[in-house]
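Chain and residue survey
The primary structure of each chain is shown beneath.
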Amino acid sequence: MSTHIHIIEDEKGDVVDYNYFCSDLCNQSFCGEHDLHYDGEYGQVEHDANVLCENCEEPLRGLTNEHGTDQTEEEWNSWKEEVKNLKLKPYLDVLQNKIGLEYR
Ligand SMILES: [Zn+2]
């Protein structure tokens, strides 16, 4: 597990959320771009759900599947495939609109 996190705290210092990253580099550049305080490297984090790197959208493997049990290699691969298709879809729609327009 090589997930890195950036902890988001409220003004009282309570943890309110996490940003997930594939690498410390992505953590740093995301914090830089979004005016967040970079707290130093925080890697090797384990998390239950699959997530995407907040910065580059690299899929990051979680421990469990949607049923809350251990995620198998197969489930992980199909999740990645699904995400890839979701990310491609907006581009495909744009492409199809463009083709549609050219036919008018
Ligand atoms: Zn990344």
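**Comments concerning the overall build of the chain**
The helix and strand tally for the chain stands at 2 helices and 4 strands. Element order for the chain, N to C, with α for helix and β for strand: β-β-α-β-β-α. Judged by the C-alpha coordinates and their principal axes, the chain covers about 60 × 35 × 25 Å. The contacts of the chain with a sequence gap of at least 6 include a subset with a gap of at least 24, amounting to 42%.

**Describing the nonpolar core**
Core analysis: the largest hydrophobic core is formed by 5 residues, namely Tyr-20, Phe-21, Cys-22, Cys-26 and Leu-60. Not counting chain neighbours up to four residues away, the residues in contact with Cys-26 comprise Phe-21, Cys-53, Asn-55 and Cys-56.

**As for unusual backbone geometry**
For residues other than glycine, phi is negative in most cases, and the peptide bonds are mostly trans. One non-glycine residue, Gln-44, adopts positive backbone phi at about 55°. Structurally, the position occupied by Gln-44 is in the loop between α1 (24-33) and β3 (51-52). Phi angles above zero are rare outside glycine, and Glu-57 is one such case at about 65°.

**Side note on the environment of Glu-57**
Relative to the elements of secondary structure, Glu-57 occurs in the loop between β3 and β4 (59-60). Accessibility expressed as a C-beta count within 10 Å gives 13 for Glu-57, which makes it partly exposed. A C-alpha to C-alpha distance of 19 Å links Glu-57 and Glu-41, two positions 16 residues apart in sequence. Not counting chain neighbours up to four residues away, the residues in contact with Glu-57 comprise Leu-52 and Lys-87.

**A few points about the pairing of strand β2 (residues 15-21)**
Note: strand β1 (residues 4-9) against β2, 6 bridges, orientation antiparallel. If you follow Ile-7 over to β2, its bridge partner there is Tyr-18.

**Examining the confidence of the model for the chain**
Mean pLDDT over the chain stands at 89; residues scoring 70 or higher make up 91%. Taking the mean pLDDT of every element in the chain, the minimum, 80, falls on helix α2 (residues 73-103) and the maximum, 96, on α1.

Rules used throughout
Residues numbered from 1 in each chain as written. Predicted model: local features only at pLDDT ≥ 70, side-chain atom pairs only at ≥ 80, totals over all residues. Helix = DSSP H or I, 4+ residues; strand = E, 2+ residues; numbered from the N terminus. Contact = placed C-beta atoms within 7 Å. Core = buried A, V, L, I, M, F, W, Y, C linked by C-beta atoms within 7 Å. Buried ≥ 20, exposed ≤ 12 C-beta atoms within 10 Å, placed from the backbone. Pairing = 2+ DSSP bridges. pLDDT = per-residue confidence, 0-100.

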